[in-house]
Amino acid sequence: MSEYVIEMLNITKEFPGIKANDNITLQLKHGEVHALLGENGAGKSTLMSVLFGLYQPEAGVIKKDGKEVKINNPNDANALHIGMVHQHFKLVEIFTVLDNIILGAEPNKLGFLKKAEARKKVLELSEKYGLQVDPDAKIEDISVGMQQRVEILKMLYRDNDILIFDEPTAVLTPQEIDELMEIMRNFTKEGKSILFITHKLNEIMAVADRCTVLRKGKYMGTVNIKDTTKEELSRMMVGRDVKFEVDKKPQKLGDVVLDVQHVTVPSKLHSNNAVKDVSFQVRAGEIVCLAGIEGNGQTQFVYALTGLDKMSHGKITMLGHDITKAKIRERSKLGMSHIPEDRHKHGLVLDFSLEQNLVLQRYWQPQFQKYGFIKNKEVRKYAERLIRENDIRSGQGPITVARSMSGGNQQKAIVAREIDKNPELLVAVQPTRGLDVGAIEGVHKQLVAQRDAGKAVLLVSLELEEVMSVPDRILVMYEGEIVGEFDPKKTTVQELGLYMAGAKNMYRDVEQKGGAEA
Amino acid sequence: MKKGLISVLSSVISILVGLLFGLLLLIIVNPAQAFPKFGEMLTAGVSSAPKFAKVLYQAAPLIMTGLSVAFAFKTGLFNIGASGQYTVGAFCALACGIIFQMPWWVCLLASVVAGAVWGFFPGLFKSLFNVNEVITSIMFNWIGMMAVNLLCMNLLKGGLNIMLPTAWVSSPIKDRTAALSYANPNAMIPKMGLDKLFNSNFMNISIFIAIIVAVIMWVILNRTTFGYELKACGFNKNASIYAGINAKRNIVLSMVIAGALAGLGGGIYYLAGTAEYTIQKVLLSMGFNGISVALLATSNPIGTIFSALFISYIQVGGESLQPVFAKEMIDIIIAVIIYLSAFALLTKTILSKYIRLDKSNVNAEPAPVVAAPKPAEPAKSAESEGEQA
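Keep in mind that this is a model prediction, so the values were computed, not measured. (Residues numbered from 1 in each chain as written. Chains lettered and ligands numbered in written order. Predicted model: local features only at pLDDT ≥ 70, side-chain atom pairs only at ≥ 80, totals over all residues.)

### Comments concerning the overall build of chain B
Each helix and strand in chain B was counted, giving 17 helices and two strands. Put simply, 77% of the contacts in chain B that link residues at least 6 apart link residues at least 24 apart. (Helix = DSSP H or I, 4+ residues; strand = E, 2+ residues; numbered from the N terminus. Contact = placed C-beta atoms within 7 Å.)

As structure tokens, then:
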């Protein structure tokens, strides 16, 4: 038997204007955790899509257990026992956990479902690997962490023994990440092999055996984690030294830019309020971070703040103007920039070209239009400048259709557009989502530059590393309320984790202490 | 630029396959006559000046309804109500001419306003209550047609049915409006000598009006901030709201403009003076043909000129199939082409897989691989829109 369970040898895959994979080799050993590391647009997703039969490579072979195989579609991949947990879960929200797990591989007799059998198998698997799920709960009612366990069970249910995890930790709390690492280790003990796609070097160091690095579609090498360091990995990935600390000048606090008073936002999903009586201020020259686990009202709060949605109660003042009921365009003219959480929903018109997207917030300004006619030359010039200054990579430059760009470069385009507006208040919601360390460093630098230039920055983040390193002040949000305020220099990740999970509340500690301990 | 080429190619392929199917059908029905008649059908449109005049005459309103549907498509709306807007446009133009004795251009304005009003309501319901515009505009098709029928039959002036021929000449005809030739010749669209040139009464300046409007629409969509906003709403409503664009207003405006275009189509067809509005029992097909025109043109305003000319050409050609073949035969052939035109987008996707978009050519002139027909030229700047729908 071959040493490797899966080998992808000399894979080359081209797209219009770009060589996404250029002679890449990836060899996965039996029972190892193999990390796949690379910048945005380095070709990680393309390589995985080739492995899944979604793309056919122009050159190269795939071998399973030493034998060459042809993977024409995902069903072929499944037949070879390759399974994947996608970054964005592919679950049917209104189905139960059990229904989701068996979907596509339903056990049946003459077309009638045999659910009892399926349930037995699922429960066995969940017990064996410590993947706690409630088979009868609906997906929409369970936490993100549990949804991920459902995705993992889906793979196990299909007897997959090559498991691919695409950025699995992005949505998890620190405690959940530890659990996931443990689960992955258990899998390898069972002889399963894991491909682990991530940007987070800490996690690679913690769990992976080996790591393959890609850069701009090229193969940079495979290293043993035992023999390497974080710094070396990032150098391989980015091609230069990357700083992990954020340099900040001493703070010069200015006037209050944003004043949020008692903001309450009703929920669209249930009768409770999504945001409950939130009050805080952001002053010029500081970065305030709204931290919390996904789904604790941050999204709804930002919608209310930026005018995408209405609030039911409260008042928002920006630079002395009451903007509680102001239109989005008015807020923008006052100097508010917004890097949205969902770049496909809000941030970009995917069918527009890159240059059209880069002027999305300013096409109406005199610089870009006269008598209602768009000055195409100005737009092109402006786009070319932003592309150059921000290293936005795309197949065809300004006229690339945004849809065809990689996620990281789409994000870079949005960040460039919003910061170039030279805002007084920058609302940045997960601005580094899906970015690699090099690009993250760049975005962090830009955020800090805004702060140093005396602007106010409100950062909404789920990434603990970012929460700890970038802001001057941290506000933790839990179930729509602010439960604590911290100085990042004087707190720990563990402390924050407790607040984010709702175990502690700075403002209600007295009443809660008894209950929480019991 | 290659994307433009691919759009044109995909439409041409739909047309060729449709024609082939038609030929097959003819062979099955009457093998001896199939080939000569098929050839006649293909050439009839250019066989004589009057025939060609008829092609242009029918193409003008088709361009307008095609533009109407295409414009709405760009904003992410499906204006299936072109038929109703066309009908009320036609009626208001005729009423303006016959009842109020207005000159032709006032009548045309009336048709624009009427069509716009008919587009306004579906747009309003869509933007305020998120009611699907397909449903409302289908209902407005019927409301429009029935209302027009009612008004034609019941508008009295001095005890006479003013819209009907009986009020003007002694005539027993009661199912159609009075002819403009005696009711108000001033309301007829000027011919400017074109009728003599083509030796056809059908010929007037309407085709030029339609082409100019198409060009204006192209400019609005591709060169103005308004067009930018409309397309942003069409492609991604959420992102347009995020950018501070008033999406609700734009939805209404888009439907108003789409309605106005279809209404103008009704105006130019009936103000030619060669057809009277007949009391209808079914919705006028001109509006629905607009959908095919827009699909065949992949919603490019300049493309609609050519696809409308084509549909009109094949319709005129179809008349020459008679009497050897039933006149329904050409309807079937057109139906197949139109059916396939709906696949134009699919064909396009398949084509783009085979025609490699070469990076080095991105900023170069169109590749001289295929003798690209003229419409590819204007389409080149509109390449990003080619993607939609």
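There's more to say after this.
### A closer look at the overall build of chain A
A count of helices and strands for chain A gives 18 helices and 24 strands. Taken over C-alpha atoms, the radius of gyration comes to 24 Å for chain A, in line with the 24 Å a tight globule of 518 residues would show. Counting only C-alpha atoms, chain A reaches 70 × 65 × 50 Å along its principal axes. Restricting the contact set of chain A to residue pairs at least 6 apart, pairs at least 24 apart contribute 68%. (Rg over C-alpha atoms; globule rule 2.2 N^0.38 Å.)

### So, the pairing of strand S1 (residues 4–15) of chain A
Note: S1(A) against strand S2 (residues 18–29) of chain A, eight bridges, orientation antiparallel. Within S2(A), the position partnered with Phe15(A) by the bridge is Ile18(A). (Pairing = 2+ DSSP bridges.)

### Section: the interface of chain A and chain B
Facing 29 residues of chain A, the contacting portion of chain B comprises 20 residues. Only helix H10 (328–334), helix H11 (343–347) and strand S20 (373–374) of chain A provide two or more residues apiece to the side of chain A that touches chain B. In terms of residue class, the side of chain A that touches chain B is built from 15 nonpolar, 10 polar and four charged. (Nonpolar A, V, L, I, M, F, W, Y, C, P; charged D, E, K, R; others polar.)

### Thoughts on the pairing of strand S21 (residues 425–429) of chain A
Residue and element names in this part refer to chain A. Counting buried positions along S21 yields five of five residues, so the element is predominantly enclosed. The two faces of S21 match: Leu425, Val427 and Val429 on one face and Leu426 and Ala428 on the other face are all buried. Sheet topology note: the strand S18 (residues 336–339)/S21 ladder contains four bridges and is parallel. Paired with serine 337 across the strands is leucine 426, a residue of S21. As paired strands, S21 and strand S22 (residues 456–461) are joined by five bridges and run parallel to one another. Its bridge partner being in S22, valine 429 is matched across the sheet by valine 460. Once the chain exits S21 it traverses helix H15 (residues 437–452) before rejoining the sheet at S22, and the crossover so formed is right-handed. (Buried ≥ 20, exposed ≤ 12 C-beta atoms within 10 Å, placed from the backbone. Right-handed = clockwise from strand over helix to strand, strands pointing away.)

### As for the sheet that holds strand S13 (residues 256–266) of chain A
All names here are of chain A. Taken in spatial order, the four strands line up as S14-S13-S16-S17 in an open sheet, and their pairing is antiparallel. Sheet topology places strand S14 (273–283) and strand S17 (321–322) at the edges, where each strand pairs with a single neighbour. Pairing of S13 with S14 involves seven bridges; the strand directions are antiparallel. Each bridged residue has a counterpart across the sheet, and for aspartate 259 the counterpart in S14 is glutamine 281.

### A few points about the nonpolar core
Judged by nonpolar contacts, the single largest core of 258 residues is most densely connected at Leu458(A), Val476(A) and Leu271(B). Counting only domains with at least three residues in this core, you end up with domain 1 (4–238) and domain 2 (256–517) of chain A. Apart from residues no more than four positions distant in its own chain, Leu271(B) is found in contact with Ala93(B), Gly97(B), Trp104(B), Cys107(B), Leu108(B), Leu180(B), Ala187(B), Met188(B) and Ile189(B). (Core = buried A, V, L, I, M, F, W, Y, C linked by C-beta atoms within 7 Å. Domains from an automatic or database assignment.)

### Some thoughts on the environment of Glu106(A)
Summarising the element assignment, Glu106(A) is placed in the loop between helix H3 (97–102) and strand S7 (108–109). A residue is classified by how many C-beta atoms lie within 10 Å of it, and Glu106(A), with 14 of them, is partly exposed.

### Some thoughts on the confidence of the model for chain B
All names here are of chain B. Per-residue pLDDT for chain B has a mean of 83; in total, 88% of the residues score no lower than 70. Note that pLDDT drops below 50 for residues 357–389; the model gives that stretch 66 contacts with residues more than four away or on any other chain. Across the whole predicted complex the pTM is 0.75, and at the interface the ipTM reaches 0.77. (pLDDT = per-residue confidence, 0-100.)

### A word on helix H9 (residues 298–306) of chain A
For H9(A), a buried count of nine out of nine residues is recorded, marking the element as mostly surrounded by other parts of the structure. Backbone geometry just downstream of H9(A) places Gly307(A) in the positive-phi region, at approximately 95 degrees.

### Comments concerning the environment of Leu62(B)
All names here are of chain B. As for its position among the elements, leucine 62 is in helix H3 (residues 49–74). Separated by 229 residues in the primary sequence, leucine 62 and isoleucine 291 have C-alpha atoms spaced 9.6 Å apart. Leucine 62 has contacts with Met286, Asn289, Gly290, Val293, Ala308, Ile311 and Ser312, leaving out every residue within four places of it along the chain.

### Brief notes about the packing of helix H4 (residues 82–98) of chain B against helix H6 (residues 133–154) of chain B
Residue and element names in this part refer to chain B. Between H4 and H6, the shortest axis-to-axis distance is 7 Å and the interhelical angle comes to 25 degrees. Taken together, the axes of H4 and H6 are roughly parallel relative to one another. As for how H4 packs across H6, the hand of that crossing is left-handed. Taken together, the residues of H6 that come into contact with H4 (itself represented by Ser83, Gly84, Thr87, Val88 and Phe91) are Ser137, Phe140, Asn141, Ile143, Gly144, Met145, Val148 and Leu151. Each residue belonging to the contact of H4 with H6 can be placed in one class, and the counts come to seven nonpolar, six polar and no charged. (Axes fitted to C-alpha atoms, helices over the stretch in contact; angles between N-to-C directions. Parallel < 35°, antiparallel > 145°, perpendicular 65-115°, else oblique. Left-handed = near helix turned anticlockwise from the far one by under 90°.)

### A closer look at the domain arrangement of chain A
All names here are of chain A. Taken domain by domain, chain A holds domain 1 (4–238) and domain 2 (256–517). On a C-alpha basis, the centres of domain 1 and domain 2 stand 30 Å from each other. Taken together, the contact pairs 17 residues of domain 1 with 20 residues of domain 2. Mapped onto the side of domain 1 that touches domain 2, the elements with two or more residues apiece are helix H6 (174–189) and helix H8 (230–238). Here the side of domain 1 that touches domain 2 gets three residues from one element, more than from any other, and that element is H8. Grouping the constituent residues of the side of domain 1 that touches domain 2 by class yields nine nonpolar, seven polar and one charged.

### What about unusual backbone geometry?
All names here are of chain A. Even without a glycine there, the phi angle at leucine 319 is positive, about 50 degrees. Checked against the element boundaries, leucine 319 lands in the loop between strand S16 (313–318) and S17. According to the C-beta neighbour criterion, leucine 319 is partly exposed, with 17 such atoms within 10 Å. Look at aspartate 391: it is not a glycine, yet its phi comes out positive at around 55 degrees.

### Here we look at the confidence of the model for chain A
The predicted model of chain A has a mean per-residue pLDDT of 87, with 97% of residues at 70 or higher. Long-range and interchain partners of residues 512–518 of chain A, a stretch whose pLDDT sits below 50, account for two contacts in this model, where long-range means more than four residues apart.

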